[in-house]
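Architecture at a glance
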Amino acid sequence: MEKILNKEIKGIIEKHPEVGKILDEYGIGCSPCSVGSCLMKDIVGIHNLDPQQEATLMYRIEKAIYPDRNVPKPKVDLTKKAAPKKISYSPPVKKLVDEHVLIKRLLALIPSIVSYIEKSAKVDKDLVLRCVDFIRNYADKYHHMKEEDILFKYVDENAEIIQIMYKDHDTGRNHIRQVVEGAESGNKAQIKEHIFGYRDLLTQHIKKEDEILYPWIDRQLSDTQVGEMFRKCNEADASVGDALPRKYENFIKELEGKFQKEVVK
Amino acid sequence: MSGCPGSRTMDFSEKEGKSESETGKRQSQLRQWPIQFHLVSPLAPYFQQKDVLLVADCVPFALADFHKDYLKGKSIAIACPKLDSDQEVYIEKVKALIDDSKINTLTVMIMQVPCCFGLVQVAKEGAEKATRKIPIKQVVVGIEGGVLSEEWI
Ligand code: SF4
Ligand SMILES: [Fe+2]
Ligand SMILES: [Fe+2]
């Protein structure tokens, strides 16, 4: 078992896909994650399972990897107190989690937007560009910049998980460039491919941040750092003013109104 | 078994110490005086831009590692939300700590008994009156000395 705990998850799942399925059952979605260098023990630790669940999970994983081995039934370590299930974020990190909500509202609208574009005779360039404006100025400038310039600076930036986050942000920017190109040239297929690419990427990216990265960073922060980061994020927000988030929230509301109506029709 | 649960008599003298090391001497982590919330000035130099603890009187007696795990590196004010008088003054002092001394964070440490939560209320009201915003943490300590919860509020 010790050996399994010290292995990288990607290798384990590649060799034993059923381990991915077992993890899924526990709400630990490692299979789609592109990082893969997390160690099994960190994954189990990061998800704060209660001792009984953790023991059963480890038992099932060991059984899956070594079906022939006589694995002892789980022993529960009751000295380890059950960790709270709910993730509790520090205030500056909570603000970033809240910003994800508005971004996710746009992601949820993308299928409707795409089918609307496909159905219309001519690409509604203005609509596409307004979505791009939201993505570039709210999701990217307002939100990702706080991650890159403030949050990530509090941990080892060379950690693979941080490098993957940077890469995700970049891949997202590339998708959006392609969407703009598609809108300029009226190429529906190009818009569709890349806006969906962006949606899939960001959906996974936000899930990774909310469930893995942010709690991991939070655990490393001292109270002093939490206070300092809170101040820096507030200063960053103040430098753009609260008109910006308000404007983009209104934009999302407007889109939701428009596309909910379209869907009902 | 009747009356206020916060003052119910309980005896856990039978409780055994779990193989803790009692050797060696520890240093006090207190770096200021005074500490009682009515006696401290919220503008004292030791509060400026600091991480501040607002601690219920009973907490440090219950929590064996209070100095090492909580007081270290921080400034402190203590109060009892049940017995102290003039608690509006406390609310104003919390406000002054946040706005004037520009403290970095505030950690409110209370006992698990219901009446001790009044101290969290004091902190919240002071924070609401303040124009600056800062992170506030709540730590609840059990009467047998464990930390029951610790979260940002
Ligand atoms: S209210 Fe809190 S500080 Fe006051 S006596 Fe009760 S437990 Fe102690
Ligand atoms: Fe991100
Ligand atoms: Fe994010």
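This structure is a prediction, so every number in the text was calculated from the model and none was measured.

Let us look at the overall build of chain B. Along its length, chain B carries four helices and five strands. Sequence-ordered secondary structure for chain B, helices as α and strands as β, is β-α-α-β-α-β-α-β-β. Over its C-alpha trace chain B gives a radius of gyration of 16 Å, about what one expects of a compact globule, namely 15 Å for 153 residues. In terms of its C-alpha atoms, chain B occupies a principal-axis envelope of roughly 50 × 45 × 25 Å. In chain B, which comprises 153 residues, the proportion classed as buried is 46%. In chain B, 69% of the contacts between residues at least 6 apart in sequence involve partners at least 24 apart.

This brings us to the packing of aromatic side chains. Two aromatic rings are characterised by how far apart their centres lie and by the angle between their planes. All names here are of chain A. By the definition in use, this model includes nine aromatic pairs over all chains. Ring centres 6.2 Å apart and planes at 35 degrees place the aromatic pair Phe-134 and Phe-251 in the tilted group. Taken as a pair, Phe-134 in helix α7 (residues 125-149) and Phe-251 in helix α11 (residues 243-264) lie far apart in primary sequence, 117 residues in all. Assessed through its relative accessible area of 0%, Phe-134 is described here as buried.

On to the site of ligand 1. Neighbouring residues of ligand 1: Ala-56, Asp-57, Cys-58, Cys-80, Pro-81, Lys-82, Met-111, Val-113 and Cys-116 of chain B. Of the residues belonging to the shell around ligand 1, the class tally is seven nonpolar, no polar and two charged.

Residue and element names in this part refer to chain A. Protein-derived ligands of the iron ion (ligand 3) are His-100 (NE2), His-143 (NE2), Glu-147 (OE) and Glu-209 (OE), with the metal-ligand distances lying across 2.0 to 2.2 Å. Coordination at the iron ion (ligand 3) is irregular: its four donor atoms span angles of 85 to 163 degrees at the metal. Donor residues binding the iron ion (ligand 3) come from one chain and are separated in sequence as H-x42-H-x3-E-x61-E. Taken as a pair, the iron ion (ligand 3) and the iron ion (ligand 2) show a spacing of 3.2 Å, with Glu-147 coordinating each metal. Of this pair, His-143 and Glu-147 both sit in helix α7, separated by four residues, roughly a single helical turn. An identical accessibility class is assigned to His-143 and Glu-147; each is buried.

A few words now on the interface of chain A and chain B. Taken together, the contacts link 12 residues of chain A with 12 residues of chain B. Of the roughly 900 Å² buried where chain A meets chain B, counting both sides, 53% is carbon and sulfur surface. If you sort the residues of chain A by the area they bury against chain B, Pro-91, Asp-223 and Phe-230 of chain A come out on top, with a joint share of 49%. The interface formed by chain A and chain B includes two salt bridges.

With that settled, consider the coordination of the iron ion (ligand 2). All names here are of chain A. Coordination of the iron ion (ligand 2) by the protein involves Glu-147 (OE), His-169 (NE2), His-205 (NE2) and Glu-209 (OE), with metal-donor separations of 2.1 to 2.2 Å. For the iron ion (ligand 2), the four donor atoms are set out with angles of 85 to 177 degrees between them, so the coordination reads as irregular. Coordination of the iron ion (ligand 2) draws on donor residues from a single chain, spaced E-x21-H-x35-H-x3-E in sequence. Here His-169 falls in the buried class, since its relative accessible area comes to 2%. Look at Glu-209 and you get buried, because its relative accessible area is 0%.

On to the side chain of Gln-32 of chain B, then. Residues and elements named next belong to chain B. Tracing the sequence through the fold places Gln-32 in the segment before β1 (51-56). You can call Gln-32 buried: its relative accessible area is 10%. For Gln-32, the side chain forms a polar contact with the main-chain oxygen of Pro-34, separated by 3.1 Å. Engagement of the side chain of Gln-32 in a polar contact is seen with the backbone oxygen of Ile-76, the distance being 2.7 Å. The contacts of Gln-32, once residues within four sequence positions are left out, are Val-40, Tyr-46, Phe-47, Ser-75 and Ile-76.

Here the focus is helix α6 (residues 91-119) of chain A. For α6 of chain A, built from 29 residues, the straight-helix expectation of 42 Å at 1.5 Å per residue is met to within 8% by its first-to-last C-alpha distance of 44 Å. Largest kink in α6 of chain A: about 40 degrees, centred on Ile-110 of chain A, with the proline Pro-111 of chain A one to four residues after it.

Our focus in this paragraph is unusual backbone geometry. All names here are of chain B. Residue Pro-34 is bonded to the preceding Trp-33 through a cis peptide linkage, with omega at 0 degrees. Within the fold, Pro-34 resides in the segment before β1. Located in the positive-phi region is Gln-49, a residue other than glycine, with phi close to 60 degrees. The class of Gln-49 is exposed, set by a relative accessible area of 58%.

So, about the pairing of strand β2 (residues 75-79) of chain B. Of all five residues in β2 of chain B, five are buried; the element is thus mostly enclosed. Alternating residues of β2 of chain B divide into Ser-75, Ala-77 and Ala-79 of chain B and Ile-76 and Ile-78 of chain B, and every residue in both groups is buried.

Once the domains are mapped, chain A shows domain 1 (2-65) and domain 2 (91-259). Between the C-alpha centres of domain 1 of chain A and domain 2 of chain A the distance comes to 29 Å.

It is worth spelling out the pattern of salt bridges at this point. According to the stated counting rule, one finds 26 salt bridges over all chains in the structure shown. The residue Glu-157 of chain A makes a salt bridge to Lys-153 of chain A at a minimum N-O spacing of 3.2 Å. Classification of Glu-157 of chain A as partly exposed rests on a relative accessible area of 24%. The residue Lys-129 of chain B makes a salt bridge to Glu-92 of chain B at a minimum N-O spacing of 2.7 Å. Of the two residues, Lys-129 of chain B sits in helix α4 (residues 118-129) while Glu-92 of chain B sits in helix α3 (residues 87-99), which places them 37 residues apart along the sequence. Take Lys-129 of chain B: its relative accessible area is 47%, and that puts it in the partly exposed class. What emerges from the salt-bridge pattern is a single network uniting Lys-95, Glu-99, Lys-146 and Asp-237 of chain A.

Cut-offs used in this document
Residues numbered from 1 in each chain as written. Chains lettered and ligands numbered in written order. Predicted model: local features only at pLDDT ≥ 70, side-chain atom pairs only at ≥ 80, totals over all residues. Heavy atoms only, no water. Helix = DSSP H or I, 4+ residues; strand = E, 2+ residues; numbered from the N terminus. Rg over C-alpha atoms; globule rule 2.2 N^0.38 Å. Buried < 20%, exposed > 50% of the residue type's maximum accessible area, 1.4 Å probe, protein only. Contact = heavy atoms within 4.5 Å. Phe/Tyr/Trp six-rings, centres within 6.5 Å; stacked < 30°, edge-to-face > 60°. Near = heavy atom within 4 Å. Nonpolar A, V, L, I, M, F, W, Y, C, P; charged D, E, K, R; others polar. Donors = N, O, S within 2.8 Å, 3.2 Å for Na, K, Ca; no water. Tetrahedral: all angles 85-135°; square planar, octahedral: opposite > 155°, others 65-115°. Buried area = accessible area lost by both parts, 1.4 Å probe. Salt bridge = Lys/Arg side-chain N within 4 Å of Asp/Glu carboxyl O. Polar contact = N/O pair within 3.5 Å; in protein donor to acceptor, adjacent residues only side chain to side chain. Expected span 1.5 Å × (residues − 1). Bend = angle between axes of the 7 residues up to and from the residue. Domains from an automatic or database assignment.

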